[in-house]
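# Observations on chain architecture
Chain residues, written in single-letter form:
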Protein chains: 6
Amino acid sequence: MNEEKFFEDYCIGSSRVTAGRTITETDFVIHAGHTGDFFPHHMDAEFMKTQAFGQRIAHGTMVFALGVGLTASRINPVAFSYGYDRLRFIKPVFIGDTIRTRLTVARKEPDPKRPDQGRVWELTEVLNQRDEVVLACEHIHLVQQRKH
Amino acid sequence: MNEEKFFEDYCIGSSRVTAGRTITETDFVIHAGHTGDFFPHHMDAEFMKTQAFGQRIAHGTMVFALGVGLTASRINPVAFSYGYDRLRFIKPVFIGDTIRTRLTVARKEPDPKRPDQGRVWELTEVLNQRDEVVLACEHIHLVQQRKH
Amino acid sequence: MNEEKFFEDYCIGSSRVTAGRTITETDFVIHAGHTGDFFPHHMDAEFMKTQAFGQRIAHGTMVFALGVGLTASRINPVAFSYGYDRLRFIKPVFIGDTIRTRLTVARKEPDPKRPDQGRVWELTEVLNQRDEVVLACEHIHLVQQRKH
Amino acid sequence: MNEEKFFEDYCIGSSRVTAGRTITETDFVIHAGHTGDFFPHHMDAEFMKTQAFGQRIAHGTMVFALGVGLTASRINPVAFSYGYDRLRFIKPVFIGDTIRTRLTVARKEPDPKRPDQGRVWELTEVLNQRDEVVLACEHIHLVQQRKH
Amino acid sequence: MNEEKFFEDYCIGSSRVTAGRTITETDFVIHAGHTGDFFPHHMDAEFMKTQAFGQRIAHGTMVFALGVGLTASRINPVAFSYGYDRLRFIKPVFIGDTIRTRLTVARKEPDPKRPDQGRVWELTEVLNQRDEVVLACEHIHLVQQRKH
Amino acid sequence: MNEEKFFEDYCIGSSRVTAGRTITETDFVIHAGHTGDFFPHHMDAEFMKTQAFGQRIAHGTMVFALGVGLTASRINPVAFSYGYDRLRFIKPVFIGDTIRTRLTVARKEPDPKRPDQGRVWELTEVLNQRDEVVLACEHIHLVQQRKH
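Here is what the cut-offs are and how they apply
- Residues numbered from 1 in each chain as written.
- Chains lettered and ligands numbered in written order.
- Predicted model: local features only at pLDDT ≥ 70, side-chain atom pairs only at ≥ 80, totals over all residues.
- Heavy atoms only, no water.
- Least-squares fit on C-alpha atoms with pLDDT ≥ 70 in both.
- Contact = heavy atoms within 4.5 Å.
- Salt bridge = Lys/Arg side-chain N within 4 Å of Asp/Glu carboxyl O.
- Helix = DSSP H or I, 4+ residues; strand = E, 2+ residues; numbered from the N terminus.
- Buried < 20%, exposed > 50% of the residue type's maximum accessible area, 1.4 Å probe, protein only.
- Axes fitted to C-alpha atoms, helices over the stretch in contact; angles between N-to-C directions.
- Parallel < 35°, antiparallel > 145°, perpendicular 65-115°, else oblique.
- Nonpolar A, V, L, I, M, F, W, Y, C, P; charged D, E, K, R; others polar.
- Disulfide = S-S within 2.5 Å.
- UniProt positions renumbered as here; feature names shortened; annotations may be inferred.
- Pairing = 2+ DSSP bridges.
- Buried area = accessible area lost by both parts, 1.4 Å probe.
- Polar contact = N/O pair within 3.5 Å; in protein donor to acceptor, adjacent residues only side chain to side chain.

### Let's talk about the relation of the copies chain A and chain B
Between chain A and chain B, the superposition needs a rotation of 180 degrees and an axial shift of 0.0 Å, giving an RMSD of 0.0 Å. On the angle and the small slide along the axis, the relation comes out as a two-fold axis. The C-alpha atom lying nearest the rotation axis in chain A is that of A:Asp85; the distance is 2.5 Å. When you check the interface residues of chain A against chain B, 100% turn up at the interface there too, and the contact is symmetric in its surfaces.

Encoded structure:
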């Protein structure tokens, strides 16, 4: 599953979509237990019946972690995750929704401080079963340039 | 645990630090299982002996989700999480490190589109037991303004 | 979240109710796996269709542990949990029920052996979404007296 | 595993000891996540280094639930768990301790309200690897009397 | 729970059936997370609506591990698990199915290399709530012969 | 990750090795909790100190499920898992061991009953960090033949 992909190999606009995964009540309970966030928005079905959404909604951190996790199928040994920009929670995710993640190379530029590296911004969009974007962010990679 | 805190109540520079939590090998295994990210950086102690860090390192998404989770002790019913900016993985987290999260109100401004709301940027820093910042991001809240 | 509350600060009759939490099939499976109690009352839906309750019922130890867990939001550094008396399983808890816990200071008395401490009995009642008490017990705390 | 044992079959003083189980750091993390109790006594190794015990201690509710769980090997279809009395946390349980549970029939009496049933008090003691009692309680069973 | 059963004590044709266990969506999620197998056959309800089964199906390794786990109630200290032959996945297991395991002593023979031991083949069949065999295999035990 | 591989595409002797995964105490606890097998061989460190291995050993079903899980990186939509033969537990796996799985196409033959399919036997060997085979089995696939 290792696949070297250098800075020069990232093509602006190229894109892939992951396999899907149904978000279950189990995921809600595991994420609450893992993070310690037991807020009633995620855990109290009775309370949520009285709110606008009408039902429990997924933790934002879970949609992010599971959406990013879906992309973890190939290791690029010459890239390093630098961080994320503009992470936005666009629509709620409910129990039973099925998510997939779409990655699109959005832009890239040589790294100002490291002459042998570049930065690549990969638009990361989590979609539901109706192809609605529920979460979006830009994943920034530091990637090696090919040796000359 | 509910505590109404309006836009006007956020003071620039005010800050709090959460309780601590030791990151265990169990957390690594649970997070891999929850997200499906079984990359050897997190899961293969033998491989990591051959790498610069010398040992397994925590998933970035886990440090983020657990660091944010530590702050989930008070519900502000007049605020809503809008997203995160400038999420950066600054230092690795190893098995046995103990993290805490420091929240600092960094800036705020009226929402350009919603006259009764404002945006608050809360600097979110995850610290380890040596008070080093291991992860930083800006959490953006949409907060109601008091009615006049 | 630390909040010092001395023996003198406990008022007989004062009470609080926690946030709610929906008990899920996931909780049944996690509790069985955590304790090793896979009795068919909790795990075999087909068998339970033939019994009086008609469906799986929660482990008593789970309703106790989760009901007590709901109260774990404030640490009192001058109190210590001594034990529980009169723990009773009053009504079954089913998958989908939402529980909350009500704490009421029931009585207190100086500790006979420790002159600087007292005992406080806190009635701990787990309620379901119909406000029925499903579990009750008395939580005994050893609490420091203020220094004179 | 079903084994009918009627009120008359319980002999005062008879006793059995379960298999052992090593309490792991994983159990601490699972129990915190299951109950939502992330108090630093159980989760923050750095904090606990500064306290009298010197290390993290198990949740009382976990020692109870796991200690009782160890006894769940035989189903008695003519008995019903009524509750527990005098549940006491006698010694701390640390990561790496190995517990077993000793059950001793302590006393029994006909049920005052139900002529065909009786109550049996079973002393339930959780022991560690040094045979110290770390938790004790009395488990009260409602048990059918044999038909005449 | 220890029960010595020597080679001579295994009777061809003798059989027992375990307690039942309902397979939940939680078990699917836990098994995917434990093994890292997130194939859409087990995890993507939308995809499976388009396939012949119409819904998610259990991992074969899970039906095997849970079916064998149901039999783990008595320890035979004079036997050792040697392996399994002819493990076959006969019918799919769906969320909500309830399984039980039937063990039947199929054949036995003295071990050709170890004069004090014998091999016992135990037919292991996992049944669903309609008494259909969903998985079958032969469990091979190495068992001590009685000393003469 | 979908990759069609027909019966004709399997070359006898071709082989691949998966990424590694360190088996943790957490995996022992999760597998016991998932399967209900809490035998002291896997769960009681004190007992195992008195036995030949000197420490807890992994469940055979876990080494099998995790070893097979490591191979679950590519979906072959024209193949179907038929079962396993000759599953053998060759060496114990201890906490801290790191496993990888080696797959080797061992033999193949046209299916006697289904003219458009064939059977492929894939030798599945789980290795530890010393390259010792700890578990071996033959995975039987039913694979479509190319259309003529």
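Here the narrative resumes, following the displayed structure.
### Some points on the relation of the copies chain B and chain F
The two copies are related by a screw motion: chain B maps onto chain F through a turn of 120 degrees and a shift of 0.0 Å along the axis, at an RMSD of 0.0 Å. Here the symmetry operator amounts to a three-fold rotation axis. Rotation axis and chain B: the residue whose C-alpha lies nearest the axis is B:Thr26, separated from it by 3.2 Å.

### Side note on the pattern of salt bridges
Scanning the model with the defined rule gives 67 salt bridges over all chains in all. With a shortest N-O distance of 3.0 Å, D:Arg88 and C:Asp85 are connected by a salt bridge. Placement of D:Arg88 in strand 3 (residues 79–89) and of C:Asp85 in strand 3 (residues 79–89) is noted, with the two residues assigned to different chains. Of the residues examined, C:Asp85 reaches a relative accessible area of 12% and is grouped as buried. Residues C:Arg130 and C:Glu132 are paired through a salt bridge, measuring 3.4 Å at the closest nitrogen-oxygen approach. Residue C:Glu132 is classed as partly exposed on the basis of its relative accessible area, which comes to 24%. In the salt-bridge network here, residues are joined through shared partners; they are A:Asp111, A:Arg114 and A:Arg119.

### Quick look at the packing of helix 1 (residues 25–35) of chain E against helix 4 (residues 60–69) of chain F
Between helix 1 of chain E and helix 4 of chain F, whose axes approach to 8 Å, the crossing angle comes to 75 degrees. With respect to each other, helix 1 of chain E and helix 4 of chain F are oriented roughly perpendicular. Together, E:His31, E:His34 and E:Thr35 of helix 1 of chain E and F:Met62, F:Ala65, F:Leu66 and F:Gly69 of helix 4 of chain F make up the contact between the two elements. Of the residues in the contact of helix 1 of chain E with helix 4 of chain F, the class split is 3 nonpolar, 4 polar and no charged.

### A look at the state of the cysteines
For the structure on display, the rule yields 0 disulfides over all chains. Cysteine A:Cys137 remains unbridged, with the sulfur of B:Cys137 as its closest cysteine sulfur at 12 Å. Among the residues examined, A:Cys137 registers a relative accessible area of 1% and is labelled buried.

### Some remarks on the UniProt feature "domain: MaoC-like" (unreviewed entry) in chain A
Sequence positions flagged by UniProt for "domain: MaoC-like" (unreviewed entry) are, in local numbering, residues 15–109 of chain A. Between the end C-alpha atoms of residues 15–109 of chain A there is a gap of 18 Å, over a span that is 32% helix and 29% strand.

### Observations regarding the pairing of strand 3 of chain C
Note that strand 3 of chain C and strand 6 (residues 133–144) of chain C share 8 bridges and pair antiparallel. Bridge pairing in strand 6 of chain C places C:Phe80 opposite C:Leu142. Bridge count between strand 3 of chain C and strand 3 of chain D: 4 bridges; the pairing is antiparallel. The residue of strand 3 of chain D that forms the bridge with C:Gly83 is D:Arg88.

### Description of helix 1 (residues 25–35) of chain B
All names here are of chain B. Counting buried residues along helix 1, 9 of its 11 residues qualify, which places the element largely inside the surrounding structure. Those residues of helix 1 lying buried are Thr-26, Asp-27, Phe-28, Val-29, His-31, Ala-32, Gly-33, His-34 and Thr-35. Following helix 1 by one or two positions, Gly-36 adopts a phi angle in the positive range, close to 80 degrees.

### Regarding the interface of chain A and chain B
Contact with chain A, which involves 32 residues of that partner, is made by 32 residues of chain B. Summing both sides of the interface, chain A and chain B together bury roughly 2700 Å²; the carbon and sulfur share of this comes to 66%. Contact with chain B buries surface across chain A, with A:His34, A:Phe39 and A:Arg88 losing the most and accounting together for 23% of the total. If you look at where chain A meets chain B, you find 2 salt bridges. Taken together, the links from chain A to chain B amount to 12 residue pairs in polar contact (both at pLDDT 80 or more). Of all elements in the fold, only helix 1 (25–35), helix 2 (40–43), helix 4 (60–69) and strand 3 (79–89) of chain A reach the threshold of two or more residues within the side of chain A that touches chain B.

### Notes on the environment of F:Lys147
Of note, F:Lys147 is situated in the segment after strand 6 (133–144). Considering only alpha carbons, one finds F:Lys147 and F:Asp85, 62 residues apart in sequence, at a separation of 29 Å.

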